[in-house]
Amino acid sequence: MSRIEQLIGEIEEYIDSCKYQALSNNTKIIVNKEELEELLVELRLRIPDEIKQYQKIISNQDAILSEARYQADNMIQEATAQTNELVNEHEIMQRAYATANQIVEDAKVQAQSIIDAAVGDANNIRQGAIVYTDDILRNVQNIISGTMGDAQERLGAFLAAMQSSYDIVSSNRNELVADPAVSGQEGAYMPEA
C-alpha cells in the first residue's frame, strides 16, 4: 500500500472519528481544521513523489525497447554470419542462401514479437499508472469537495443567524422611533437609519 493510500485511509478514519454537530441529524461533523490540513498537506507532498515513481516505470519502456532491439540486432548479426559461412562453400551455396534467408526472416519475426511484447508491457504499465494516479486525485478531489461543502453550510448557517440578529435589532430600533412617548420629547434620541 502506498503512502498516498495510507494518507487517504487516515483522512477517512479521522473523518469517521469526528464528533457529530449538535442538532445535525448525524450528517454534519466537527473537524479540527489543523489536523485535517496537516493530512492534506502531507498528501499534496506525497503525490508528486508517487507520480515520479510511475514516470520512472514508464521511462523503463525505452530500456525494454532498447534491449529488444539489441537482441534483434544480435540475432540478425548471427544469421548474417551463418549466411556468410554457408555462402563461402560453393557446393552448398543455394541451400545456404535459402537457409540464411529463413534465419533472417525468423530473427526479424522473433525480434518484432519481442518489440511488440515490450511495447504492450510498457503501455500496460503506463495505463496502470495513469488509472492509479486518477483514482488518487479523484479521492483527494472528493475529500476537498466534501470539506468545502461542509464549510459552505456552516458559513450559510452563520450568515442566517447574523441576519436574524440584525433584523431583530433593526425592528427594535424602529419600534423605539415609532413610540410617541420617546419621539415627542424634546431632545429625544432619533437613531440614524
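These numbers come from a predicted model, not from an experiment.

Trainee: What's the story with the nonpolar core in this structure? I'm lost.
Mentor: The nonpolar side chains of a soluble globular protein tend to be buried, and buried together. Of all hydrophobic cores here, the largest spans 18 residues; its most connected members are Ile 4, Ile 11, Leu 43, Ile 47 and Ile 136. Of all elements in the fold, only helix H1 (3-17), helix H2 (33-88) and helix H3 (93-178) reach the threshold of two or more residues within this core.

Trainee: Can you help me understand H1 in this one?
Mentor: A rise of 1.5 Å per residue sets the reference length of H1, with its 15 residues, at 21 Å; its end C-alpha atoms lie 21 Å apart and thus fit the reference within 8%. Burial in H1 covers these residues: Ile 4, Leu 7, Ile 8, Ile 11 and Tyr 14. In a view along the axis of H1, the buried residues occupy a sector of 120 degrees, so they form one face of it. Structural note: H1 exposes Glu 13, Asp 16 and Ser 17 on the side pointing more than 90 degrees away from its buried face.

Trainee: Please clarify how the environment of Ile 11 should be interpreted in this entry.
Mentor: Residue placement: Ile 11 occurs in helix H1. Along the backbone, Ile 11 and Leu 40 are 29 residues apart, and their C-alpha atoms lie at a distance of 8.2 Å. Apart from residues no more than four positions distant in its own chain, Ile 11 is found in contact with Leu 36, Leu 39, Leu 40, Leu 43 and Ile 143.

Trainee: Which parts of the structure should I look at to understand a nonpolar patch on the surface?
Mentor: A surface patch of nonpolar side chains, amounting to about 420 Å² of accessible area, comprises Leu 155, Phe 158, Leu 159 and Met 162. Among the secondary structure elements, Phe 158 is positioned in helix H3.

Trainee: I would appreciate a short explanation of the pattern of salt bridges in the present structure.
Mentor: Any two side chains of opposite charge can pair if their charged atoms end up close together. Here the structure, examined in full by the defined rule, presents five salt bridges. Here Glu 153 makes a salt bridge to Lys 28, at a shortest N to O gap of 3.5 Å. Separated by 125 residues along the polypeptide, Glu 153 in helix H3 and Lys 28 in the loop between strand E1 (19-20) and strand E2 (29-30) bring together distant segments of the chain. The salt bridge partner of Asp 134 is Arg 138, with a shortest N-O separation of 3.1 Å. Taken together, the residues span about one helical turn, with Asp 134 and Arg 138 both in helix H3 at a distance of four residues.

Trainee: I would appreciate a short explanation of the confidence of the model for the protein in the present structure.
Mentor: The predicted structure's coordinates, where accompanied by low pLDDT, should not be read in detail. Mean pLDDT over the protein: 82, with 89% of residues reaching 70 or higher. Least confident of the elements in the protein is helix H4 (residues 180-183), whose mean pLDDT is 63; most confident is H3, at 89.

Thresholds, definitions, all that
Residues numbered from 1 in each chain as written. Predicted model: local features only at pLDDT ≥ 70, side-chain atom pairs only at ≥ 80, totals over all residues. Heavy atoms only, no water. Core = buried A, V, L, I, M, F, W, Y, C linked by side-chain atoms within 4.5 Å. Buried < 20%, exposed > 50% of the residue type's maximum accessible area, 1.4 Å probe, protein only. Helix = DSSP H or I, 4+ residues; strand = E, 2+ residues; numbered from the N terminus. Expected span 1.5 Å × (residues − 1). Arc of directions from axis to C-beta. Contact = heavy atoms within 4.5 Å. Patch = residues over 30% accessible without salt bridge, like charges linked within 9 Å, V, L, I, M, F, W, Y side chains within 5 Å. Areas by Shrake-Rupley, 256 points an atom, 1.4 Å probe, with all protein chains shown as cover. Salt bridge = Lys/Arg side-chain N within 4 Å of Asp/Glu carboxyl O. pLDDT = per-residue confidence, 0-100.

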